[in-house]
Amino acid sequence: MADVAMKPVDPVRALSRRELRRLDLAYQPGFKPVAWFCILLLYAPILVLAVFSFNENRSVTRWTQFSLKWFRDVIANENIQAAALLSLQVATAATIGATICATLAALATTRTLPYRGMGLAYIVINLPLMVPEIVTAVATLAFFALGRVVLGLDLGVFNINLILAHMVFCIPFAYLPIRARLSGMDRILEQAAADLYATPWQSFRYVTLPLLTPGIIAGAMLAFIVSIDDFTISQLVAGPGQTTLPIYIWGQIRRGITPATNAVSTIMLVVSIIFVSLVFFLGQRRRR
Amino acid sequence: MAVAAAPATELARVKAVVGRQTALRRLALLAPALFIVFLFGVCPLFIILIYSFLESGAYGGVDWVFSTDAYVSFLFTRDMFDPSVMSFNSSNLEIFWRSFLLALFATAASLLIGFPTAYFMATRPRSTRTLWLFLITLPFWTNLLVRTFAMMLLIRDEGFINDGLIWFGVIDRPIVMLYTDFAVALGLLYSFLPFMILPLYASLEKIDFRLVEAGFDLYANRAKVLRRIIIPLAKPGIIAGSILVFIPALGAYITPTLLGGGRDLMIGNLIALQFGGSRNWPFGSALALILMSVVLVFLMIYARVSSERNVQHG
């Protein structure tokens, strides 16, 4: 209120604004500044991090001059290249596997009368979201160690250990948007296809799948993001030499930070932001 | 079975065959997802259940000898010279208590900031609401490690905040924030705030403002409307959000490791330590299972609350 009174503006306009506020049923004093503070809290740290990755100086807090040299360093760094490649390989494999599993599971758990075991299947699929990450991490580590000792299986070959561990928590992330899309779809179109003598496979291939594609894309993108961002589980499951990008960043943070650390982090942030923006705005457009 | 006499039994037989086919198809569709999650997500939990009842191996791993040592050593320390003498040791309980308090603080602080934010979002016009929702969702999907690192840069001794305050002449030497409980609490708040806002927003958005109008008609002021109408209607969201913040905060690993330094542990660090440097897998497994069971209790409360909500609106 005070800030409105302080400004030497046209009294009619000031009054009308206050009047409007008084007439607004939903208005609560002080909520707007808190909301803006919340945005500040969420974004200020990331923004500072990103800005200082363009700092010419070695310092990550004292600004001297704009420079792209840290990004050049990062791109030229062979360790980072290898880590990025590993992250991409694991994320791609885990995303493809998880999205296929999740799509099939969504087809079996939507648009049907409840059947025995459906609730249980739903719980199992979403279980990875409920178990604390550190518990999953140590349990998976113990599990693979046991497999190595008892069965002599070394799953480190082709990074199968990381891919499997990632698939487990990617499945629920891919499942939820696919399921949401599917349960909003009408059965009538498939029934029409069946009336026109389409085989079940044809009606799936030419009717269900095209309609489901946006959901599958959203699910796959979310799975990809959570896989590429994962640190806790990867760190414990990864064997020696299996350094993903987050594990590399962790090492940098522990060893001593330079703007190069900021630069890698900024690249990771930008990738996440692009993917999430796509998922979000595609989803919004679909809903209208 | 094969008696195909009356058409009615014939119909029943066809129905049974179709039913069996549907069941088989469902099973085939569910099989890959259930197989992966069960084998690599659920089985490992059983493995650590078994491990928690074994003896610790000399070079990491386990010795296959039954023992309840892992659980006993949660509360007691064996005497170094006479292993039959045990003395009560509260250090593990203290770490659990610390984690509990820090998680509770993060939950309370995120509720205090999250509620007004979610309410403000829910009362915006539709177009602005989407933008706000996007701004809150975005940090939810960005790398937690990177975000924690960003917070670290901000609150270091020579960090952005201290440098700024010194530059403005507010203080002449940096305030130590990093590697304190404050840093961990702030980091937890910062990490999990979106988990509070999103369910709060979901329940606040559904509020029928005719009820608020009725409140004003009955001479309530804004504070009373908030306390007697809006907060009670948002209760499912408040409970859901609190649990969704509390659970990951309780088991946090990245935040206390980076912002709390190595000295003051939370449960997450303590568990990870047992599988790393100090190598006591059975003890680490027992700790993980204790954490898991605490989380399970909160999840059950959450499930009950969300099923109540569905009944209300369904």
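Residues numbered from 1 in each chain as written. Chains lettered and ligands numbered in written order. Predicted model: local features only at pLDDT ≥ 70, side-chain atom pairs only at ≥ 80, totals over all residues. Heavy atoms only, no water.

Some details on the packing of helix α9 (residues 188–195) of chain A against helix α10 (residues 200–229) of chain A
All names here are of chain A. The geometry of α9 relative to α10 is characterised by a closest axis approach of 10 Å and an angle of 165° between their N-to-C directions. Here α9 is positioned roughly antiparallel relative to α10, judged by the angle of their axes. The two elements α9 and α10 cross, and the hand of that crossing is right-handed. The segment α9 lies against α10, with Leu-189, Glu-190 and Ala-193 engaging Ser-203, Val-207, Thr-208 and Leu-211. (Axes fitted to C-alpha atoms, helices over the stretch in contact; angles between N-to-C directions. Helix = DSSP H or I, 4+ residues; strand = E, 2+ residues; numbered from the N terminus. Parallel < 35°, antiparallel > 145°, perpendicular 65-115°, else oblique. Left-handed = near helix turned anticlockwise from the far one by under 90°. Contact = heavy atoms within 4.5 Å.)

As for the interface of chain B and chain A
Many authors give the size of an interface as the accessible area that is lost as the parts come together. With 80 residues of chain B in contact, the opposing surface of chain A contributes 85 residues. For the pair chain B and chain A, the two sides together bury roughly 7600 Å², of which 83% comes from carbon and sulfur. On the chain B side of the interface with chain A, the three residues burying the most area are Phe-40, Trp-141 and Arg-222 of chain B, jointly 11% of the side's total. If you look at where chain B meets chain A, you find 0 salt bridges. No other element matches the 18 residues that helix α1 (residues 7–51) of chain B contributes to the side of chain B that touches chain A. Here the residues of the side of chain B that touches chain A sort into 62 nonpolar, 11 polar and 7 charged. (Buried area = accessible area lost by both parts, 1.4 Å probe. Salt bridge = Lys/Arg side-chain N within 4 Å of Asp/Glu carboxyl O. Nonpolar A, V, L, I, M, F, W, Y, C, P; charged D, E, K, R; others polar.)

Quick look at the side chain of Thr-137 of chain B
Inspection of the secondary structure assignment puts Thr-137 of chain B in helix α4 (residues 126–141). A distance of 2.4 Å separates the side chain of Thr-137 of chain B from the backbone oxygen of Leu-133 of chain B, its partner in a polar contact. Not counting residues within four places of it along the chain, the set of residues in contact with Thr-137 of chain B comprises Phe-280 of chain A together with Leu-198 of chain B. (Polar contact = N/O pair within 3.5 Å; in protein donor to acceptor, adjacent residues only side chain to side chain.)

Let's talk about a nonpolar patch on the surface
Residue and element names in this part refer to chain A. There is a patch of nonpolar side chains on the surface, built from Val-51, Trp-63, Phe-66 and Leu-68 and spanning about 400 Å² of accessible area. Among the structural elements, Leu-68 can be located in the loop between α3 (31–52) and α4 (69–76). Judged by relative accessible area, which is 41%, Leu-68 ranks as partly exposed. (Patch = residues over 30% accessible without salt bridge, like charges linked within 9 Å, V, L, I, M, F, W, Y side chains within 5 Å. Areas by Shrake-Rupley, 256 points an atom, 1.4 Å probe, with all protein chains shown as cover. Buried < 20%, exposed > 50% of the residue type's maximum accessible area, 1.4 Å probe, protein only.)

Quick look at the environment of Thr-92 of chain A
Residues and elements named next belong to chain A. Secondary-structure assignment places Thr-92 in helix α5 (residues 78–109). With 57 residues separating them along the chain, Thr-92 and Val-149 place their C-alpha atoms 29 Å apart. Separated by 2.5 Å, the side chain of Thr-92 and the backbone oxygen of Leu-88 make a polar contact.

As for unusual backbone geometry
If you check the backbone angles, Tyr-197 of chain A has positive phi at about 65° while not being a glycine. With respect to the helices and strands, Tyr-197 of chain A occurs in the loop between α9 and α10. Exposure remark for Tyr-197 of chain A: the relative accessible area of 77% places this residue in the exposed category. Its identity is not glycine, yet Tyr-179 of chain B carries a phi of approximately 65°, on the positive side. Its location among the elements puts Tyr-179 of chain B in the loop between α6 (160–167) and α7 (181–205).

Observations concerning the side chain of Arg-181 of chain A
Residues and elements named next belong to chain A. Along the chain, Arg-181 turns up in helix α8 (residues 160–183). Of the side chains with opposite charge, Glu-190 lies nearest to the buried Arg-181, which makes no salt bridge, at 11 Å. Among the polar contacts listed, one links the side chain of Arg-181 to the backbone oxygen of Leu-211, at a separation of 2.8 Å. (Lys, Arg positive; Asp, Glu negative; His and termini not counted.)

Quick notes on the packing of aromatic side chains
As enumerated under the stated definition, the model contains 33 aromatic pairs over all chains in all. Residues Tyr-51 of chain B and Trp-64 of chain B carry aromatic rings whose centres are separated by 6.2 Å and whose planes lie at 85° to one another, so their mutual orientation is edge-to-face. With Tyr-51 of chain B in helix α1 and Trp-64 of chain B in strand β2 (residues 62–66), the pair connects residues that are 13 residues apart, well separated along the chain. Residue Tyr-51 of chain B is classed as buried on the basis of its relative accessible area of 3%. Assessed through its relative accessible area of 57%, Trp-64 of chain B is described here as exposed. Put simply, the rings of Phe-173 of chain A together with Phe-140, Trp-141, Phe-192 and Phe-195 of chain B touch in pairs and so form one group of aromatic residues. (Phe/Tyr/Trp six-rings, centres within 6.5 Å; stacked < 30°, edge-to-face > 60°.)

With respect to the pattern of salt bridges
Pairs can form between side chains of opposite charge once their charged atoms are near each other. Residue and element names in this part refer to chain B. Counted under the stated rule, the structure contains 6 salt bridges over all chains. Arg-98 is the partner of Asp-181 in a salt bridge, and the nearest nitrogen-oxygen pair spans 2.9 Å. With a gap of 83 residues between them, Asp-181 in helix α7 and Arg-98 in helix α3 (residues 91–122) connect regions that are remote in the sequence.

Description of the state of the cysteines
Residues and elements named next belong to chain A. In this structure the tally under the stated criterion is 0 disulfides over all chains. Just so you know, Cys-170 is unpaired, no disulfide at all, and the nearest cysteine sulfur is the one on Cys-101, 11 Å from it. Judged by its relative accessible area of 0%, Cys-170 falls in the buried class. (Disulfide = S-S within 2.5 Å.)

A look at the nonpolar core
Burial of nonpolar side chains together is a common tendency in soluble globular proteins. Residues Val-135 of chain A together with Phe-115, Leu-188, Leu-204, Ile-230 and Ile-271 of chain B are the most contacted members of the largest nonpolar core, which totals 184 residues. Setting aside its immediate chain neighbours within four residues, Ile-230 of chain B contacts Gln-28 of chain A together with Phe-115, Tyr-119, Leu-204, Ile-207, Val-212 and Val-225 of chain B. (Core = buried A, V, L, I, M, F, W, Y, C linked by side-chain atoms within 4.5 Å.)

Focus: the confidence of the model for chain A
Confidence along chain A averages 86 in pLDDT terms, with 93% of residues attaining 70 or more. Looking across chain A, the model is least confident in helix α1 (residues 2–6) of chain A, with a mean pLDDT of 50, and most confident in α5 of chain A, with 94. (pLDDT = per-residue confidence, 0-100.)

What to know about helix α9 (residues 222–233) of chain B
All names here are of chain B. For α9, built from 12 residues, the straight-helix expectation of 16 Å at 1.5 Å per residue is met to within 8% by its first-to-last C-alpha distance of 15 Å. Taken as a whole, α9 has its buried residues at Arg-222, Val-225, Leu-226, Ile-229 and Ile-230. Angular distribution of buried residues about the axis of α9 spans 125°; they occupy a single face of the element. Among the exposed residues of α9, those oriented more than 90 degrees off its buried face are Ala-223, Arg-227 and Arg-228. (Expected span 1.5 Å × (residues − 1). Arc of directions from axis to C-beta.)

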